[in-house]
Amino acid sequence: MIPEKVKVAGIEYEIKEVEGILERFNTLGQINYNKGIIELDSSLCQSRKEQTFVHELLHACFREAGYEEQEEEMIDRVSTVLYQVIKDNKL
C-alpha cells in the first residue's frame, strides 16, 4: 500500500523508511515539505507504517491546500479513520 512516491497538488513526495525516527524524534514518521520527503520509522510493523503514511500524507494534503498551521489531533483522528476505510475496502 505504501508507494515509493506520491503526488499531492502536483508536488511529488518521496516516501522513505528511515531507522531511528522514533528514538530521535519521538514520532513514527515525519514530513519535510521543502524537500518533498515523507519518512517512516523502519522498525514499525507494516500496518503501523501504512497508518503513519496516511497520517503524513494528510499533512501534505492540508499543506498543499494552503493550511500552514495544522492541528495534530485533527490530522491524527482523520488519518486513523481514513486508513481504516482504505484498508477495509481494499482501496
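The following refers to the structure shown. Predicted, not measured: the structure shown is a model, and the values here were computed from it.

This part takes up the sheet that holds strand β4 (residues 37-41). What the four strands build is an open sheet, ordered β1-β2-β4-β3; its pairing is mixed. The open sheet has two edge strands with one neighbour each: β1 (5-8) and β3 (29-32). The sheet shows a mean angle of 25° between the axes of neighbouring strands, direction not considered. Where strand β2 (residues 11-18) meets β4, five bridges bridge the pair, whose relative direction is parallel. Residue pairing for β4: K16 is matched across the bridge by E39. Relative to β4, helix α2 (residues 46-64) is tilted by about 155°, and along the sheet it contacts β1, β2, β3 and β4.

This next bit is on the layout of surface pockets. Rolled over the atoms, a probe sized like a water molecule indicates the empty space that remains. Considering only enclosed or pocket space, the largest pocket measures out at about 170 Å³ in volume. What lines the largest pocket is simply T27, L28, G29, R48, Q51, T52, H55, E56, E72, D76, S79 and T80. Put simply, the parts of the chain that give the lining of the largest pocket at least two residues each are α2 and α3 (72-88). Looking at the lining of the largest pocket residue by residue, the classes come out as one nonpolar, seven polar and four charged.

The rules we used
Residues numbered from 1 in each chain as written. Predicted model: local features only at pLDDT ≥ 70, side-chain atom pairs only at ≥ 80, totals over all residues. Heavy atoms only, no water. Pairing = 2+ DSSP bridges. Helix = DSSP H or I, 4+ residues; strand = E, 2+ residues; numbered from the N terminus. Axes fitted to C-alpha atoms, helices over the stretch in contact; angles between N-to-C directions. Contact = heavy atoms within 4.5 Å. 1 Å grid on protein atoms, 1.4 Å probe; cavity = no way out; pocket = protein on both sides within 12 Å on 5 of 7 lines; lining within 4 Å. Points joined across faces, edges and corners; volume = space filled by probe spheres on them. Nonpolar A, V, L, I, M, F, W, Y, C, P; charged D, E, K, R; others polar.

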